[in-house]
Amino acid sequence: MVSVLDDGWLGEVLAQVAGASTLDALHEAAVELTGKRSALSAARQALGALPPDERRVRGQQLNDLRAQVEAALAERRSVLQAAQRRLRLAADRLDLSEVLAARAPRGAGGHRCVPGDGRWGRGRVHLVQRTRDELEDVFVGMGFTVADGPEVETDWYNFEALNMPPAHPARGMFDTFYLDVEPPDGVLLRTHTSPVQIRVLQRRRPPVYAVMPGRCFRRETPDARHLPVFHQVEGLVVDEGITFGDLAGTIESFTAAYFGADIDARLRPAFFPFTEPSAEFEVTCTICRGSGCRTCSHTGWVELGGCGMVDPAVLVAVGIDPERYGGFAFGFGIDRCTQMRHGIADMRVLLDNDVRILRQG
Ligand code: DAH
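Source: prediction; values computed, not measured. Sequence positions are assigned chain by chain, starting from 1 and proceeding in written order. Under the rules for a predicted model, residues below a pLDDT of 70 receive no local features and side-chain atom pairs below 80 are neither given nor counted, while totals for whole chains, interfaces and linings still include all residues. The basis for every side-chain value is the complete set of non-hydrogen atoms in the structure, without hydrogens or water.

## A closer look at the site of the ligand
- In this text, near means that some heavy atom of the residue lies within 4 Å of the molecule or strand in question. In the vicinity of the ligand, 16 residues are found, and the nearest of them are His-192, Ser-194, Arg-218, Gln-232 and Glu-234.
- Arg-218 places a polar side-chain atom, nitrogen or oxygen, 2.8 Å from an oxygen atom of the ligand.
- Only the protein chains shown count as cover for residues, with accessible areas throughout obtained via the Shrake-Rupley method and a probe of 1.4 Å. Within the complex, the protein chains bury 94% of what would otherwise be the 360 Å² of accessible surface of the ligand.
- Comparing atom positions with the cavity grids shows the ligand to sit within the largest pocket.
- Mapped onto the shell around the ligand, the elements with two or more residues apiece are β5 (229–239), β8 (301–310) and β9 (326–333). Identification of polar contacts relies on pairs of N or O atoms within 3.5 Å, with a donor-acceptor requirement for protein atoms, meaning one able to donate a hydrogen and the other able to accept it, and with residues adjacent in sequence counted only if both atoms are side-chain atoms. The method works on a 1 Å grid over the protein atoms by themselves. A cavity is a set of points holding a 1.4 Å probe that cannot get out, a pocket is an open set with protein on both sides within 12 Å along at least five of seven lines, and residues with an atom within 4 Å of a point line them. Pocket or cavity membership: a molecule qualifies when more than half of its atoms sit within 2 Å of the grid points of that site. Under the scheme used here, helices are H or I runs from DSSP no shorter than 4 residues and strands are E runs no shorter than 2 residues, and both carry numbers assigned from the N terminus.

## A look at the confidence of the model for the protein chain
- A score from 0 to 100, pLDDT tells how confident the predictor is in each residue. Confidence in the prediction for the protein chain averages 89 pLDDT; 91% of positions are at 70 or higher.
- Taking the mean pLDDT of every element in the protein chain, the minimum, 48, falls on helix α5 (residues 96–102) and the maximum, 98, on strand β4 (residues 208–217).
- Any two residues whose heavy atoms approach within 4.5 Å are treated as being in contact. Confidence drops under a pLDDT of 50 for residues 98–103, and excluding neighbours within four residues, the segment shows 3 contacts in the predicted structure.
- Counted against residues more than four places away or in other chains, residues 113–120, with its pLDDT under 50, gives 7 contacts.

## A few points about the packing of helix α3 (residues 39–46) against helix α4 (residues 52–92)
- What counts as an axis is a line fitted to C-alpha atoms, over the stretch in contact for a helix, and the angles between N-to-C directions run from 0 to 180 degrees. Contact geometry for α3 and α4: axes closest at 10 Å, N-to-C directions at 165°. Judged by the angle between their axes, α3 and α4 are roughly antiparallel. In the crossing of α3 with α4, the sense of the turn from one axis to the other is left-handed. Two secondary-structure elements touch here, α3 through Leu-40, Ser-41, Ala-43 and Arg-44 and α4 through Gly-59, Leu-62, Asn-63, Leu-65 and Arg-66.
- Asp, Glu, Lys and Arg are counted as charged, while Ala, Val, Leu, Ile, Met, Phe, Trp, Tyr, Cys and Pro are counted as nonpolar; the rest, among them Gly, fall into the polar class. Class assignment of the residues belonging to the contact of α3 with α4 gives a composition of 4 nonpolar, 3 polar and 2 charged. Any angle from 65 to 115 degrees is called roughly perpendicular, while one under 35 is roughly parallel, one over 145 is roughly antiparallel, and all others are oblique. Left-handed describes a crossing in which the near helix is turned anticlockwise from the far one by less than a right angle; the clockwise case is right-handed.

Right under this line is the structure:
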């Protein structure tokens, strides 16, 4: 047997360590090389029989050898652990693109289409639905969950709980369709997806990281950028220690992920009763690439939506302690995203049922 102090012992040992291909094998090697019954330990015990001078020199050599073996073991361990972590991450990874590709096509009305059903061929996913699916994927990839709420709402959810009591001037921002049911003016078609924030906060306690897509309604005359029936995605984060920087970073990440890095996003100060401070966010107009055109009213920018830090009054309305929790919220138009992503100069074509548009889904 080679003695630990022979030339070549260390080389053999280091090769053995480097050759351990699993963490279990490495553990066995460590026991064998440095444990109680190892050659190193035996050599240390044998020191006692030596004269003091020689004992000191040998002792120092043995310490050096042990330090080198332990360093090699530690290095190999971290390499194997990193490999194991990489394998685990790869196994846990969710491939969202695969889920999308495997999905059966859906018609514009949301119904499943039967492959090869007659001369019309397969139905297509409407461009707006596709945008919604893609936006959901982007946010799920960022760690958000998806929630929804009703299209018919009460005044309390759509306005009051969002810090807009009756006769609040900000209600004027929303031209509302009221339903002819009791109480008068108490039930309406939601004018935005913000009421779903309230419903989510009633169901769940913080931390909340949710997006809420859905259909909204306003008494508006359709034009190049507005439809009376449109879609929004609401976002809500309520947790401890949330800052405006988190909001700005989230908006930037989602616009870059959805529109691509060559489209800029910017925030501009604004007012919403349910957030303070509030901002509007805009992206470069994709029709003119920022040089100004009719679609963007010659500004080079198109407004996607609003955002801000959740007003403490909203948290109080759902019984959450605003001293402990804070958050941010945003809401933006899905149809606007479709328009900007696909370079659609006039949004009304999304409702026209022109097959050249429908076929693109
Ligand atoms: N609900 C607003 C609208 O439709 C948009 C909005 C602004 C949503 C600020 C938010 C927000 O969540 O924080 O005009």
